[in-house]
Amino acid sequence: MRHIDDYDDQIKQQERIKIGYKFNFKSMYMLIGRIIEEKGEYDEHYPKDGLYRLWGCAMAVLFILFVFSHSLFMVATVPFMFFYGMVIFQVFKALKVFEYKRMPLAIATPVLLAVEAVAGYYLQQWIFFS
């Protein structure tokens, strides 16, 4: 039979979730959900830096999708844009749960999306019509 002290040792040994660079929307979405679910110890850097990293990865993938969203390819790219948009909203949700400031990302996201759309359009014109 286990004692309560055994459970305390398990809680103390629980490690922080490692948040690396990910580009698969399912793994990003699941990781953010796991971070929110296992809300353990957090400080001004953890998990904020990892959430910003995941936001940056989602924005990078959205830029690539903007570049390849040309006529027939849009059938394939638009659903993925939706999924990566869900990841971005999940990051905002996690920032709210951990009581971090969301305003910097709330300002940067639409601005960066507009820049990515314009840059993606011009890069798309250069790739497909040159």
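Residues numbered from 1 in each chain as written. Predicted model: local features only at pLDDT ≥ 70, side-chain atom pairs only at ≥ 80, totals over all residues. Heavy atoms only, no water.

Visitor: When you look at the overall build of the protein chain in this model, what are you seeing that I'm missing?
Guide: Each helix and strand counted, the protein chain has five helices and zero strands in total. Taken from the N to the C terminus, the helices and strands of the protein chain come in the order α-α-α-α-α. Residues counted as buried form 31% of the 130 residues belonging to the protein chain. Taking all contacts inside the protein chain whose residues are at least 6 apart in sequence as the whole, residues at least 24 apart take part in 73%. (Helix = DSSP H or I, 4+ residues; strand = E, 2+ residues; numbered from the N terminus. Buried < 20%, exposed > 50% of the residue type's maximum accessible area, 1.4 Å probe, protein only. Contact = heavy atoms within 4.5 Å.)

Visitor: I'm lost on the packing of helix α3 (residues 48-67) against helix α5 (residues 103-128) in this one. Help?
Guide: In helix packing, the relevant descriptors are the interaxial angle and the interaxial distance, both defined with respect to the helix axes. For the pair α3 and α5, the least separation of the axes is 7 Å and the interaxial angle reads 30°. What the angle tells us is that α3 and α5 run roughly parallel. Crossing of α3 against α5: the hand is right-handed. Partitioned by chemical class, the residues of the contact of α3 with α5 number 18 nonpolar, three polar and one charged. (Axes fitted to C-alpha atoms, helices over the stretch in contact; angles between N-to-C directions. Parallel < 35°, antiparallel > 145°, perpendicular 65-115°, else oblique. Left-handed = near helix turned anticlockwise from the far one by under 90°. Nonpolar A, V, L, I, M, F, W, Y, C, P; charged D, E, K, R; others polar.)

Visitor: I tried to follow the packing of aromatic side chains on my own but got confused; where do I start?
Guide: If you walk through the whole model with that rule in mind, you get ten aromatic pairs. On the numbers, 6.0 Å between centres and 70° between planes, the contact of F25 with F80 is edge-to-face. Of this pair, F25 sits in helix α2 (residues 25-37) while F80 sits in helix α4 (residues 74-97); the two residues are 55 residues apart in sequence, bridging distant segments of the chain. On the basis of relative accessibility, which here comes to 23%, the residue F25 falls in the partly exposed class. (Phe/Tyr/Trp six-rings, centres within 6.5 Å; stacked < 30°, edge-to-face > 60°.)

On their own, these measurements won't tell you what the molecule is for.
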